[in-house]
Amino acid sequence: MTESSSTKVTTSIPTAVSGESSPDVQSASAGNPSSAGTRRTSAKASATKTKRKATTTRRRRSASKPAADTPDALIAAPTLPIDEPGQFGRINVLDVTPNEEGGLYPARVELGEQFTVTAQVFIEGRTKVGATTVLRTPRGKIMANRTMTCVNPGLDRWTVELQAGEHSDVKPWEEGFAAVKRQLGNWTVTVEGWEDTFATWLHDARIKVRVHDSDVENALDEGAELLTRWSKTRASKLHAEAKKTLQAAAATLANKELKPAERLAGADNDEIAALHESNPLRDGVSESRPVKLKVERPKSSFAAWYQFFPRSEGAYVDEATGKIVQGTLKTSVSGLERAKAEGFDIVYLPPIFPIGVTNRKGRNNTLVAGPDDPGSPFGIGSELGGHDTVDPLLGTMDDFKALTAKAHELGLEIALDFALQCSPDHPWVKEHPNWFRHKPDGTIAFAENPPKKYQDIYPIDFNADMEGIEKEVVRLMNLWIDAGVTIFRVDNPHTKPVRFWQDVIAAVTKKHPETLFLAEAFTRPGMMRALSYAGFTQSHCYFPWRNTKEQLEEYLNTTNCDDGFYQHNTFWPTTPDILTAYVRDNGIAGHAVRAVLAALGSPSWGIYNGYELIENRQRPGFEEQIDNEKYEIKVRDWSQAKEYGIAEMLTSLNRIRREHPATHSYHNVTVLRSSDDNVLAFVRHTPAEFTGTGKPDTLIVVVNLDGHNAHQSLIHLELGDFGLPTDRGVQLKDELTGREFTWGWDNFVSLAPWADVAHVLSVQY
């Protein structure tokens, strides 16, 4: 029999183990007498006994001990002890993923997030194997014990979907967070390979019965002995009825009054196959090295951000003077309420510290500020204070605490921008002059990226006293955490040493493990990955510049794959620093398209306010808004938002995200084939066992990327890949419009920017 035909038969034998009835891993490892194939020669049996005896002496708990009444011909493969790293077990287990950089940096998932584990599992020759994945909490408690599926027999690649705990929306300040906190930390994933003696025997027995092989009697007798042993194996955790079923099958196999085909039918049927799926006989169990998995709190992966500037929130023009009166922390409550109404759960505030006067920038980043120009909040520090002080024009520390308390009342988290840089007026300039780089003439060097110059900012030099700077930053972050901040959005972390952030984040999270960090690092991929390793929970990314179908398909796969275990990309269509040509040129439809892609293309997304008002005029020659809010106070008329409908779209997208567990994971996206270059389609799918509802959740997203013209496309849906029926139509509901559709394998879609820019279709199970 060729290797290919052997593989084909194997795929017809189910090998999945259900979580509840699966074997106890510890008892299986301690003494599983299952499935090694029949040994006929007494010499081989003797050698096996000798080897077993030696194994028992070295590690008694790892030796495989057969039942007392097991014939020598059916001695199980031993579970070989692994005494040092790199040793193989009886079964070979390699390349367990996720596992980057030799396991130095654990993969990260949010509590309850669906994720995928893969491994290579194989044995010598044509013997068949199975694989099981065991997920344990930091305390060693087994939370999942699931059989893997072989998805590529030629490469021995096995895979399984897992979930670390259950999804939760409990906030750090809420009463139930203590229970959530206890589940966080470094879990472990272990892959167990095991010899599947039943599948190997059944494959050969089927062939021998079919071709009337001369050795068919021995084959059927072996099966009878095998099923008898299976029924007596405690590690298989069989209930009494299952044991009787196996014993009856063994009796049928041994009944020589029946024809060979009738005898085989006693073991080759749905009832035995179900037991093989749920409670298999596992021989030679061999464990991989445990792989660490860091389970993080809610909102570490699945988050919806909303940014506004407090000084613009509630700002108005004084009719008497014609001058702008800026907003304050007290008037910023309106921004919280707008974020809540639109369904966001994190409010991000730019720096709220005093702004320097020396070299203060004017409107649109001009070098000379007018008398009424407020300056950039990123030019931090004045005679009034530095990073530990609230700008008096915004209010007091008590006002800030009142704002965070109001946010928490609304169920919103406050993220504060932490820009580690100073204006020339910052107190550190006098108190710690060694924290800054000096030119040969003795002056402090301002920030620059030639030809760009930032005369209002002094960058920190970490070479003289990094330890002192770390201590000060940890002090500052703890101060703001005590004031109600639960997340820090860090400005330009890639311009500081990675080790600096690694030390700071470790120190802060040791005292406040609930604290999250967002890296604003639009930079080289290696640096972005290193910052994620250092502890940044989420990261800004290249999404704003991925606009064609080809670019988006590639980036969806990059974001939602094994990279998502380490770098949690958060999709923002615009920021105060970024306004792309696509958003500029595609009007309202373009804003809707980018919102759909951001909200459903990544579990984490964000909106910079003003997006609802189609603020899309670029500063000539730059990819940023003209009249940039970083340098002036914006007075907005929010009543105009209804005219554009984008606020309604944002609200709908956040509702869809809350209602559909399929949007919660970085590991469940499949890009679909579509025939038009302007139509992008992808699926998010979560199986029933991970949704918390008892039903699978499947969303099909189809987007017309052209903001001006209608496009039609055929979308191919591989129904079986998502557990959908293949013999009838699938009922879908558009979550944006409420309309219903029926889909099959190939489906016609027409989208026009003046009607529907996208479909968000949920499968109606």
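These numbers come from a predicted model, not from an experiment. (Residues numbered from 1 in each chain as written. Predicted model: local features only at pLDDT ≥ 70, side-chain atom pairs only at ≥ 80, totals over all residues. Heavy atoms only, no water.)

Caption draft 1: Expanded view of the packing of aromatic side chains. Enumeration according to the criterion identifies 24 aromatic pairs in this entry. Ring geometry for phenylalanine 198 versus tryptophan 201: centroids 5.9 Å apart, planes at 40°, classification tilted. Taken together, the residues span about one helical turn, with phenylalanine 198 and tryptophan 201 both in helix α5 (residues 197-210) at a distance of three residues. As far as burial versus exposure is concerned, phenylalanine 198 and tryptophan 201 are alike and both buried. Following the ring pairs from residue to residue traces out a cluster consisting of Phe418, Phe462, Phe488, Phe500, Trp501, Phe517 and Phe536. The ring of phenylalanine 543 carries arginine 594 above its face, with NZ or CZ at 4.1 Å from the centroid. Here the guanidinium or amino end of lysine 630 rests over the ring plane of phenylalanine 378, the centre of that ring lying 5.4 Å away. (Phe/Tyr/Trp six-rings, centres within 6.5 Å; stacked < 30°, edge-to-face > 60°. Helix = DSSP H or I, 4+ residues; strand = E, 2+ residues; numbered from the N terminus. Buried < 20%, exposed > 50% of the residue type's maximum accessible area, 1.4 Å probe, protein only. Lys NZ or Arg CZ within 6 Å of the ring centre and 35° of its normal.)

Caption draft 2: How the structure looks around the state of the cysteines. Tallied over the full model, the rule gives zero disulfides. Looking at cysteine 541, it has no disulfide partner, and the nearest cysteine sulfur is the one in cysteine 561, 13 Å off. Take cysteine 561: its relative accessible area is 27%, and that puts it in the partly exposed class. (Disulfide = S-S within 2.5 Å.)

Caption draft 3: Local environment of the sheet that holds strand β31 (residues 740-743). Taken together, six strands build an open sheet; the order of strands is β25-β27-β28-β33-β30-β31 and the sheet is antiparallel. Of all the strands in the sheet, the pair left with one neighbour each is β25 (669-671) and β31. The sheet shows a mean angle of 25° between the axes of neighbouring strands, taken without regard to direction. Strand direction decides the pairing type here: strand β30 (residues 730-734) and strand β33 (residues 758-763), joined by three bridges, are antiparallel. Looking at the pairing, lysine 733 lines up with serine 762 of β33. Helix-sheet contacts for helix α16 (residues 549-559) involve β25 and β27 (679-686), and the interaxial angle to β27 is about 15°. (Pairing = 2+ DSSP bridges. Axes fitted to C-alpha atoms, helices over the stretch in contact; angles between N-to-C directions. Contact = heavy atoms within 4.5 Å.)

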